[in-house]
Amino acid sequence: MGLTRQYLRYGPAALFGLVASARGNAAFVALRGERGRCVAVPACEHVFVWDTRKGEKVLILKGLKQEVSCLCPSPDGLHLAVGYEDGSIRVFSLLSGEANVTFNGHKAAVTALQYDHLGGRLVSGSKDTDVIVWDVINESGLYRLRGHKDAVTQVLFLKEKNLLVTSGKDTLVKWWDLDTQHCFKTLVGHRTEVWGMALISEEKRLITGSADSELRVWDITYIQEVKDPDEPESKKSKGSSPGAEENTEEDETLELDEHPEERLVKCSKVGSIMREGRDRIVTLATDRTGKILACHGTDAVLEVFSVLSEEEVQKKLEKKMKKAKKKAKQNSEEEPERSVELSLQDEIQRVANVRASSKIKSFDLILSPKGELKIVLLLQNNIIELYNLNLSAQVPQAVRASRITIGGHRSDVRTLAFSSDNIAILSAAAESVKIWNRLTLQCIRTMDCEYALCSLFVPGDRHVIVGTKTGKLQLYDLASGSLMETLNAHEGAVWSIALSPDQRGFVTGGADKCVKFWEFELVKDESSVQKRLSMKHVRILQLDEDVLCVRYSPNQKLLAVSLLDCTVKIFYIDTLKFFLSLYGHKLPVLCMDISYDGTLIATGSADRNVKIWGLDFGDCHRSLFAHDDSVMYLQFVAKSHLFFTAGKDSKIKQWDADKFEHIQTLEGHHQEVWCLALSPNGDYVVSASHDKSLRLWERTREPLVLEEEREMQREAEYEESVAKEEQPVVAGETQGEIGLAGKKTIETIKAAERIMEAIELYREEMAKLMEHKAVCKAAGKEVPFPVNPILRAYGNITPSAYVLEVFKKVKSSELEESLLVLPFSYVPDLLRLFNEYIHLGLEVELLCRALLFLLKIHFGQITGNHMLVTVIENLKKTTISRVSEARDVLGFNMAGLQYLKREIEAKDEVTFFADATDRFEEKKRKRKKKEKMVLAVL
C-alpha cells in the first residue's frame with residue numbers, strides 16, 4: 001500500500017442555541033420528587049429537562065441520530081418514554097439519565113405514547129398506522145394491533161377494564177379489548193381527522209377533537225357480562241344514556257351494533273362543546289386528575305375547561321331545582337322538575353383562555369392540591385412558557401410565571417462568525433444577534449437587530465458588523481452590547497460581507513447590483529471625548545446583476561463576485577478592471593471561498609454542484625456533485641486545501657480540493673443547514689440549521705482513512721436496507737388484526753447469528769467429547785482434553801451452559817424476532833437443550849417463552865419430525881412441573897406481601913387517627929386565639 005494522505009476526523013462536540021424543538025410534546029416530570037417545576041422537552045435527537053424556576057438545563061437525555069417525536073412520563077415519575085422519528089422507543093431513567101430499554105417495532109415516527117395507570121404497560125401509536133402494546137417490566141413487545149388506515153393520533157388505556165381507545169387521521173376512534181386483542185367497536189361519527197382525544201368524569205366520558213371547532217362528547221357505559229349470551233340487552237340500558245335521542249344517526253349505528261360488543265361498553269354521543277378557535281385541534285388533554293381539560297389549535301390561544309365531579313353536578317342540579325320551585329310557587333305551577341336539566345356546558349365549564357406570545361405546539365398541565373393549575377407551553381419559536389392559573393379566583397386569570405428564551409434565537413440563524421481568538425461565536429437571526437462562549441456554550445450577549453444575512457467580527461474582536469435584509473449595516477459594541485451605528489449601505493438586501501486581508505476595511509455585495517468597499521475609521525462624537533469606531537464608504541463597483549457573494553484573494557489583488565446570472569466574475573481590486581469570468585453552473589452560485597495561497601477558488605451553487613477552479617486562468621479543475629439540494633455555504637480550512645460545504649439536505653461535508661475527494665460527512669442536523677463558520681485555527685466548525693439548533697464540531701486527533709470510511713458507509717447502508725426488507729412471515733399465518741410487536745433489525749439478525757454460532761460450537765464440542773471418550777477407552781487411561789478458548793474465557797463452562805449464556809444475553813425485546821430468523825436446522829438442538837435446562841430449573845420463564853414461540857412458528861415441522869416426539873414429551877413433563885413450581889413460589893410471595901400490606905395499613909390507621917385528633921386540637925386552639933384577638937380589637 002502506497003502512502004495515503006492522512007486526514008483528521010471532525011466529531012460532534014455540542015448542540016446549543018436550542019430551547020426546545022417544536023416536533024414533539026412537552027411534559028412535566030418529577031425530579032427529586034418535586035412536581036410542576038421541571039419540564040421535559042424534545043431538542044432534536046435529545047431530550048432536555050429544564051428547571052422552569054431557575055431557567056437552567058438540569059438533565060440531558062442523549063439520543064442517537066433520530067429526532068424525538070413524542071414523550072410520555074411514567075405514572076411513578078421515575079421514567080420517561082421517548083418516541084423517535086424512525087419508530088424506535090427508548091425508556092430513560094430520570095434518576096440516572098440512562099436509557100434502560102429500547103423497543104423497535106414501528107416503521108415510521110411514533111406519534112402517541114401512553115402508560116397504563118400502574119406503569120407496567122406502554123402503548124404506542126405511529127404514522128405506520130399500527131398500535132403496539134409493550135411490556136415495560138419484561139422489556140418486550142406484547143402484540144401489534146392493526147386496523148387504522150392512517151396515522152394514529154392518540155392512544156388511551158382505560159383503568160376500569162382492560163380496554164384501549166385509539167384515534168387516527170382516518171376519522172375513526174377504535175375500541176380494543178386487550179384480553180382478546182381485537183377491535184370490538186369503531187366510532188364513525190367524525191367527518192374529518194380525529195386529532196385529539198381525552199377521558200374525563202372518571203372514564204365515563206370521552207371527548208374527541210377534530211378539524212372543526214367542535215369538541216364532541218361521548219357517554220361511555222360499561223355493561224356487565226350477561227349470563228346468557230343469547231339473551232338480548234334490555235331496552236332500558238340502551239336508552240338510559242342522556243341525549244341519545246338527539247343524534248338519530250348515532251342511534252342507527254347503535255341499533256346495528258352486534259351483541260358481543262354491546263356487552264363490553266356502549267358509547268353514545270351526548271353533545272358538543274364549542275371552542276373559540278376555528279381551525280383544527282392540535283393537542284387535547286386533561287391533567288392527571290381529569291378535573292381540567294385544555295386544548296389548542298394552530299394559533300397562540302390555549303382554552304382551559306373545568307370538568308365538574310358528580311357531587312358538584314348534583315349540587316348544581318339541586319340549586320336549579322330550588323330556583324325552579326321558587327319560580328313555580330310564584331307562577332303557581334305544578335311540576336317544575338320537568339324543565340330542570342343540566343346542559344353539557346354546565347358540566348364542562350370554560351375557565352379561561354391563556355394567550356401565549358407565539359404559536360403553541362404542545363402543552364402539559366398539573367393541578368396542585370391547593371387548586372392552582374400550572375401550565376407549560378412549548379411554542380413554535382424556541383420558547384418554553386410557564387403559566388399559573390388560580391382556579392379558586394372569581395375570574396381566573398393566567399399569570400406568566402416564567403419563560404425560557406435566553407438559550408436560543410426565535411427564528412432561524414442565517415449567519416455565523418468566529419472571533420480571531422477562536423473563543424467567541426456570533427450567531428444572528430431575524431430578531432437578534434447573540435454572542436456565545438465556545439468553551440461554556442453560554443450566551444454572553446444578546447442584541448436586537450434587523451433581519452441579519454451576513455456578519456463579521458471587526459479586527460480586535462470588540463465590535464461586530466451585521467448586514468441586513470433591508471440593506472443596512474449595523475455596528476455593535478460587544479462590551480456594552482449596544483448598537484453604535486446603522487448605515488444604509490445598499491438599496492436591497494446585503495447578501496455578503498468579506499473582511500479585507502489587510503484588516504483595514506471590508507467589502508459588501510447586495511441585491512442592488514453593487515459591490516461597495518468600506519474602511520474602518522475612528523470618529524469623534526460631539527457628546528463624548530473618546531473616539532469611536534465607524535465605517536466609511538470609499539469605492540463602488542456597479543454590476544449588471546444582483547450580487548450574491550463576495551470574497552477577497554489572500555494577497556488582496558483580486559476580488560471574486562458571484563452574480564445572479566450563474567457566473568462568478570473576478571476583478572482586480574486596485575483598478576476594479578475585469579479579469580476572469582467563471583461560468584459553468586446551471587443555477588446561481590450561493591457561496592464560494594478562495595484558498596489561503598490564492599491558487600484555488602471553490603464555488604457552491606443551487607444546482608447542487610461544487611466546482612473547483614484555478615485562479616490563474618479560470619480553468620475548472622473538477623465539478624463535484626456535492627449535496628442532494630442547494631449548497632448553502634462553503635469555506636476553506638485555514639492553511640490547507642480542504643474545505644467544508646453545507647447543504648439544504650441537512651448534511652455538512654468535507655472535501656479535498658487537490659485530490660477532488662469527499663473526505664467525511666458530518667450528520668446531525670435534521671433540516672436544512674443555512675450556514676457554517678470555521679474557527680481561524682481550523683479546529684472547530686459551527687453550523688446553524690432550520691431545526692433551530694447550532695452545532696459545534698471539533699477536530700479530533702483521530703486519523704481518518706478514506707477506505708475505512710467508505711467501508712463504514714457501505715455497512716451503514718446495508719444495515720439500513722435490512723430494516724427496510726420484508727418482515728419474515730410465520731408459516732400458515734395470515735395477516736390479521738393482531739401481529740408480532742417487534743420488527744426485523746440488524747440487532748435481531750446479529751442475535752440470531754450469535755445463537756447459531758453457539759449451537760455450532762456446542763455440536764463441535766460434543767463431537768470432540770465423544771472422540772475423546774473413544775480415545776480414552778482405547779488408551780485405557782485418561783487423556784487430557786483440550787478446552788475451547790471461548791469456553792475457557794467464560795470460566796471453563798460446559799458447551800450447553802455457554803448456549804444458555806448466549807441466550808440470556810439476547811435482549812428481551814428482540815427475542816421473538818431473533819428466533820423468527822433462526823433456521824429450523826438449529827431448532828432440534830435447541831429443544832433438547834431447553835429440556836436439559838428446564839429439568840435443572842434454569843431460567844424457566846425465559847426458556848418457556850422461547851419454547852412456546854418456537855412451537856408456534858415451527859408447529860408443522862416439529863410435529864412431523866418423529867425424532868422430536870420423545871423430546872417434546874419430555875419437555876411437556878418437565879415444563880409443566882417447573883412452571884407449577886414457579887407459580888407456587890409466586891403465590892406464596894404474593895400472600896406474604898399482602899399480609900405485610902395489611903399489617904402496614906393497620907399501623908397507618910392508628911397513626912391516621914392520632915394525626916386527626918392532633919389536627920382537631922390544633923384547629924380548636926387557632927379558633928380560640930382568633931376569638932381572643934377579635935375581642936381584644938372590640
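Residues numbered from 1 in each chain as written. Predicted model: local features only at pLDDT ≥ 70, side-chain atom pairs only at ≥ 80, totals over all residues. Heavy atoms only, no water.

### Points about the overall build of the protein chain
Helices and strands together make up the secondary structure of the protein chain, namely 14 helices and 57 strands. Viewed in the frame of its principal axes, the protein chain has a C-alpha envelope of about 115 × 100 × 65 Å. Per-residue burial for the protein chain yields a buried fraction of 50% across its 938 residues. Considering only intrachain contacts with a sequence separation of at least 6, the fraction spanning at least 24 residues in the protein chain is 50%. (Helix = DSSP H or I, 4+ residues; strand = E, 2+ residues; numbered from the N terminus. Buried < 20%, exposed > 50% of the residue type's maximum accessible area, 1.4 Å probe, protein only. Contact = heavy atoms within 4.5 Å.)

### Overview of the pattern of salt bridges
Using the criterion set out here, one finds 35 salt bridges in the structure. The partner of Arg 121 in a salt bridge is Asp 116, and the shortest N-O contact between them spans 3.3 Å. For Arg 121, a relative accessible area of 21% puts it in the partly exposed group. We classify Asp 116 as buried; its relative accessible area is 8%. A salt bridge links Glu 816 to Arg 849, with the shortest nitrogen-to-oxygen separation between them at 2.9 Å. Of this pair, Glu 816 sits in helix H10 (residues 815-820) while Arg 849 sits in helix H12 (residues 844-857), placing them 33 residues apart in sequence. (Salt bridge = Lys/Arg side-chain N within 4 Å of Asp/Glu carboxyl O.)

### Remarks on helix H9 (residues 799-809)
Three or more residues of H9 are buried, namely Pro 799, Ser 800, Tyr 802, Val 803, Leu 804, Val 806 and Phe 807. The inward-facing, buried residues of H9 abut helix H7 (746-779), helix H8 (789-793), H10, helix H11 (827-840) and H12.

### Details of a positive patch on the surface
On the surface, Arg 919, Lys 923, Lys 924, Arg 927, Lys 928 and Lys 932 cluster together to form a positively charged patch. Along the chain, the position of Arg 919 falls in helix H14 (residues 869-937). Taking the relative accessible area as the measure of exposure, Arg 919 reaches 53% and is therefore exposed. (Patch = residues over 30% accessible without salt bridge, like charges linked within 9 Å, V, L, I, M, F, W, Y side chains within 5 Å. Areas by Shrake-Rupley, 256 points an atom, 1.4 Å probe, with all protein chains shown as cover. Lys, Arg positive; Asp, Glu negative; His and termini not counted. Charge placed at Lys NZ, Arg CZ, Asp CG, Glu CD.)

### Details of the pairing of strand E35 (residues 463-468)
Along E35, six of the six residues are buried, which leaves the element largely enclosed by surrounding structure. Alternating residues of E35 divide into His 463, Ile 465 and Gly 467 and Val 464, Val 466 and Thr 468, and every residue in both groups is buried. Here strand E34 (residues 452-457) runs beside E35; their pairing, made up of five bridges, is antiparallel. The residue bridging Leu 456 from the neighbouring strand is Ile 465, located in E35. Hairpin connection, E34 to E35: the antiparallel pair is bridged by five residues, and Gly 460 has positive phi, about 105°. Sheet topology note: the E35/strand E36 (residues 472-477) ladder contains five bridges and is antiparallel. Bridge pairing in E36 places Gly 467 opposite Leu 473. Between E35 and the antiparallel strand that follows it, E36, lie three residues; Gly 471 among them carries a positive phi value of about 95°. (Pairing = 2+ DSSP bridges.)

### A look at the confidence of the model for the protein chain
Mean pLDDT over the protein chain stands at 88; residues scoring 70 or higher make up 92%. Every residue in residues 226-258 scores below 50 in pLDDT, and together they form 35 contacts with partners more than four places removed in sequence or on other chains. (pLDDT = per-residue confidence, 0-100.)

### Quick word on the packing of aromatic side chains
Per the stated rule, a full pass over the model turns up 11 aromatic pairs. With centroids separated by 4.9 Å and ring planes inclined at 85°, the aromatic side chains of Tyr 10 and Phe 644 adopt a geometry described as edge-to-face. Highlighted residues: Tyr 10 in strand E1 (residues 7-16) and Phe 644 in strand E51 (residues 642-647), separated in sequence by 634 residues. The same class applies to Tyr 10 and to Phe 644, which are both buried. These aromatic residues form a ring-pair network of at least three members: Phe 506, Trp 518 and Phe 520. Cation over ring: Arg 438 sits above Tyr 684, and NZ or CZ is 3.8 Å from the ring centre. (Phe/Tyr/Trp six-rings, centres within 6.5 Å; stacked < 30°, edge-to-face > 60°. Lys NZ or Arg CZ within 6 Å of the ring centre and 35° of its normal.)

### Section: the packing of H11 against H12
Relative orientation of the contacting elements H11 and H12 amounts to 145°, with a least axis distance of 11 Å. H12 is crossed by H11, and the crossing has left-handed handedness. On the side of H11, the interface is formed by Val 827, Leu 830, Leu 831, Phe 834, Tyr 837 and Ile 838, while H12 contributes Leu 847, Ala 850, Leu 851 and Leu 854. Of the residues assigned to the contact of H11 with H12, the class counts are 10 nonpolar, no polar and no charged. (Axes fitted to C-alpha atoms, helices over the stretch in contact; angles between N-to-C directions. Left-handed = near helix turned anticlockwise from the far one by under 90°. Nonpolar A, V, L, I, M, F, W, Y, C, P; charged D, E, K, R; others polar.)

### Looking at a nonpolar patch on the surface
A contiguous nonpolar surface patch, about 540 Å² in accessible area, is contributed by Met 894, Leu 897, Tyr 899, Leu 900 and Ile 904. Structurally, Ile 904 can be placed in helix H14.

### Observations regarding the sheet that holds strand E15 (residues 163-168)
One open sheet holds the four strands; their spatial order is E14-E15-E16-E17, and the pairing between them is antiparallel. Edge strands, defined here as strands with exactly one partner in the open sheet, are strand E14 (152-158) and strand E17 (182-187). Adjacent strand axes in the sheet meet at a mean angle of 20° when their direction is disregarded. In this structure, strand E16 (residues 173-177) lies alongside E17, joined through five bridges in antiparallel fashion. Looking at E17, one finds that Trp 176 is bridged to Cys 183.

### Regarding the side chain of Thr 878
Relative to the assigned elements, Thr 878 resides in helix H14. With relative accessibility at 12%, the residue Thr 878 sits in the buried group. Here Leu 875 takes part through its backbone oxygen, which lies 3.2 Å from a polar atom of the side chain of Thr 878. When neighbours within four sequence positions are excluded, Thr 878 is seen to be in contact with Asn 835, Ile 838 and His 839. (Polar contact = N/O pair within 3.5 Å; in protein donor to acceptor, adjacent residues only side chain to side chain.)

### Regarding the sheet that holds strand E31 (residues 424-428)
Taken in spatial order, the four strands make up an open sheet running E30-E31-E32-E33, and their pairing is antiparallel. Each edge of the sheet is formed by a strand with only one pairing partner; in this case those strands are strand E30 (415-418) and strand E33 (443-448). Ignoring which end each strand starts from, the neighbouring axes of this sheet average 15° apart. In this sheet, E31 lies alongside E30 in antiparallel orientation, the contact comprising four bridges. Looking at E31, one finds that Phe 418 is bridged to Ile 425.

### Quick look at the environment of Asp 299
Mapped onto the elements of the fold, Asp 299 is located in the loop between strand E23 (292-296) and strand E24 (301-307). Judged by relative accessible area, which is 27%, Asp 299 ranks as partly exposed. The spacing of Asp 299 and His 79 is 220 residues in sequence and 31 Å in space, taken between C-alpha atoms. Discounting residues that sit within four places of it in the chain, Asp 299 has contacts with Asp 279, Lys 359 and Ile 360.

### Section: the nonpolar core
Grouped burial of nonpolar side chains is what soluble globular proteins tend to show. Counting residues in each nonpolar core, the largest one holds 36 residues, and the members touching the most others are Phe 807, Leu 819, Leu 831 and Phe 834. Elements supplying a minimum of two residues to this core: H7, H9, H10, H11, H12 and H14. Element by element, the count of residues in this core is highest for H11, at seven residues. Sequence-distant contacts of Phe 834, defined by excluding residues within four places in its chain, comprise Phe 807, Leu 847, Ala 850, Leu 851, Leu 854 and Leu 875. Val 41, Cys 44, Leu 378 and Ile 384 belong to the second largest nonpolar core, which has 18 residues in total. (Core = buried A, V, L, I, M, F, W, Y, C linked by side-chain atoms within 4.5 Å.)

### Observations concerning the state of the cysteines
Applying the stated criterion to the full structure yields zero disulfides. Left unpaired, Cys 267 is separated from the closest cysteine sulfur, that of Cys 183, by 12 Å. Here Cys 267 falls in the buried class, since its relative accessible area comes to 1%. No disulfide involves Cys 443; its sulfur sits 12 Å from the nearest other cysteine sulfur, which is in Cys 449. (Disulfide = S-S within 2.5 Å.)

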